[in-house]
Amino acid sequence: MKLYITDLSPNSRRVLATVHHLGLEDETEIQKFDLLAGEHQTEEFRAINPNVKVPVLVDGDLKLWEANPIMIYLADRQGAEDFCPGDRVGRFEILRWQSWEVQHFNRALGDIVWETVAKQVFGMGAPDQDKIDAALVNFRRFGAVLDDHLNGRDFILGDGVTAADFAVGSHSALALHPQSQVPLGEFGNVEAWIHRLEALPGWAKTAPQAPAEAAE
Ligand SMILES: N[C@@H](CCC(=O)N[C@@H](CS)C(=O)NCC(=O)O)C(=O)O
């Protein structure tokens, strides 16, 4: 298999962490692009992903883009039922939380850290406080949902880590950044769960080298 990723990307991290968590390192060739240098903008890569974005997994004839389905594909390929249950209810749970993080939780979190962390890393100007305030309203709304859900659970589906945790937690390094202004302290269950995630070997191995520079 070949996996195309970039450094400092939550979307890439969740897939790379899945590779490590499932013990697939030896059979996965990793190609990293420097997006700022435009290394991904080639006709060869466009033929693999017409969106010209990473992550992308190529496995034989399969060219799979979008981080969340790549995680499910890798789990199914390994028969890793504990990481991504195959039964009807378990599978719906994974899809539900993956859909939710894209639309709600990480959209809000991403908007906050774009303003507070990433823009400064990329030299794109001062944070826009109005945008931060608007995103904070959504973060608090959806953060409360996750916090309630995690009450009495170590991970999103219960006792063990799954693809739902890697998806919802994909921005953890950014949320923990001292400049992030993400009010994690208001959501004790979410904060504890992020630290639990960061302590997992497969997740820890993929921590951004310079979390201060972590950006989408
Ligand atoms: N929805 C996509 C998002 C992919 C994405 O936005 N990738 C970014 C890096 S995190 C990218 O490749 N950007 C390069 C570009 O747009 O030129 C996924 O989940 O995989």
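Structure's up top.
Source: prediction; values computed, not measured. (Residues numbered from 1 in each chain as written. Predicted model: local features only at pLDDT ≥ 70, side-chain atom pairs only at ≥ 80, totals over all residues. Heavy atoms only, no water.)

1. Here's the deal with the packing of aromatic side chains
- What the rule picks out here adds up to ten aromatic pairs.
- Both rings, one in Phe 33 and one in Phe 45, keep their centres 4.9 Å apart while their planes meet at 70°; by these two values the pair is edge-to-face. Note that Phe 33 is positioned in the loop between strand 2 (29-32) and helix 2 (43-48) and Phe 45 in helix 2, a separation of twelve residues in sequence.
- Judged by relative accessible area, which is 9%, Phe 33 ranks as buried.
- Given the relative accessible area of 1%, Phe 45 is considered buried.
- Ring centres of Phe 105 and Phe 139 lie 5.4 Å apart, and the angle between their planes is 40°; on these two criteria the pair is classed as tilted. With Phe 105 in helix 4 (residues 88-121) and Phe 139 in helix 5 (residues 129-149), this pair connects stretches of sequence that are 34 residues apart. Residue Phe 105 shares its accessibility class with Phe 139, and that shared class is buried.
- Among the aromatic residues, those joined into a ring-pair cluster are Trp 97, Trp 100, Phe 105, Phe 139, Phe 142 and Phe 187. (Phe/Tyr/Trp six-rings, centres within 6.5 Å; stacked < 30°, edge-to-face > 60°. Helix = DSSP H or I, 4+ residues; strand = E, 2+ residues; numbered from the N terminus. Buried < 20%, exposed > 50% of the residue type's maximum accessible area, 1.4 Å probe, protein only.)

2. Considering a nonpolar patch on the surface
- Together, Leu 36, Trp 114, Val 121, Phe 122 and Met 124 line one region of the surface with nonpolar side chains, adding up to about 470 Å² of accessible area.
- Here Val 121 shows up in helix 4. (Patch = residues over 30% accessible without salt bridge, like charges linked within 9 Å, V, L, I, M, F, W, Y side chains within 5 Å. Areas by Shrake-Rupley, 256 points an atom, 1.4 Å probe, with all protein chains shown as cover. Salt bridge = Lys/Arg side-chain N within 4 Å of Asp/Glu carboxyl O.)

3. Digging into the environment of Gly 143
- Within the secondary structure, Gly 143 is located in helix 5.
- Between the C-alpha atom of Gly 143 and that of His 104, which follows or precedes it by 39 residues, the distance is 9.3 Å.

4. A closer look at the sheet that holds strand 2
- Read across the sheet, four strands follow the order 2-1-3-4 without closing on themselves; strand pairing throughout is mixed. The strands lining the two open edges of the sheet, one partner per strand, are strand 2 and strand 4 (62-65). When strand polarity is set aside, the average angle formed by the axes of neighbouring strands in this sheet is 15°.
- Where strand 1 (residues 2-5) meets strand 2, four bridges bridge the pair, whose relative direction is parallel. Note on strand 2: the bridge partner recorded for Leu 3 is Ile 30.
- In the packing of helix 1 (residues 10-21) onto the sheet, contacts are made with strand 1 and strand 2, and the angle to strand 1 comes to roughly 150°.
- Each of strand 3 (56-59) and strand 4 touches helix 3 (residues 67-78); the most contacted strand, strand 4, lies at about 130° to it. (Pairing = 2+ DSSP bridges. Axes fitted to C-alpha atoms, helices over the stretch in contact; angles between N-to-C directions. Contact = heavy atoms within 4.5 Å.)

5. Thoughts on helix 3
- Across its twelve residues, helix 3 extends 17 Å between first and last C-alpha, which sits within 8% of the 16 Å expected from 1.5 Å per residue.
- Looking at the buried side of helix 3, the elements it contacts are helix 1, strand 3, strand 4, helix 4 and helix 6 (163-168).
- Count one or two residues on from helix 3 and you reach Gly 79, which has phi positive near 65°. (Expected span 1.5 Å × (residues − 1).)

6. Notes on the side chain of Gln 98
- In this fold, Gln 98 is placed in helix 4.
- The contact partners of Gln 98, leaving out residues within four places of it in the chain, are Asn 68, Met 71, Ile 72, Ala 163 and Ala 167.

So, to be careful, I would describe these as geometric facts and stop short of saying anything about function.
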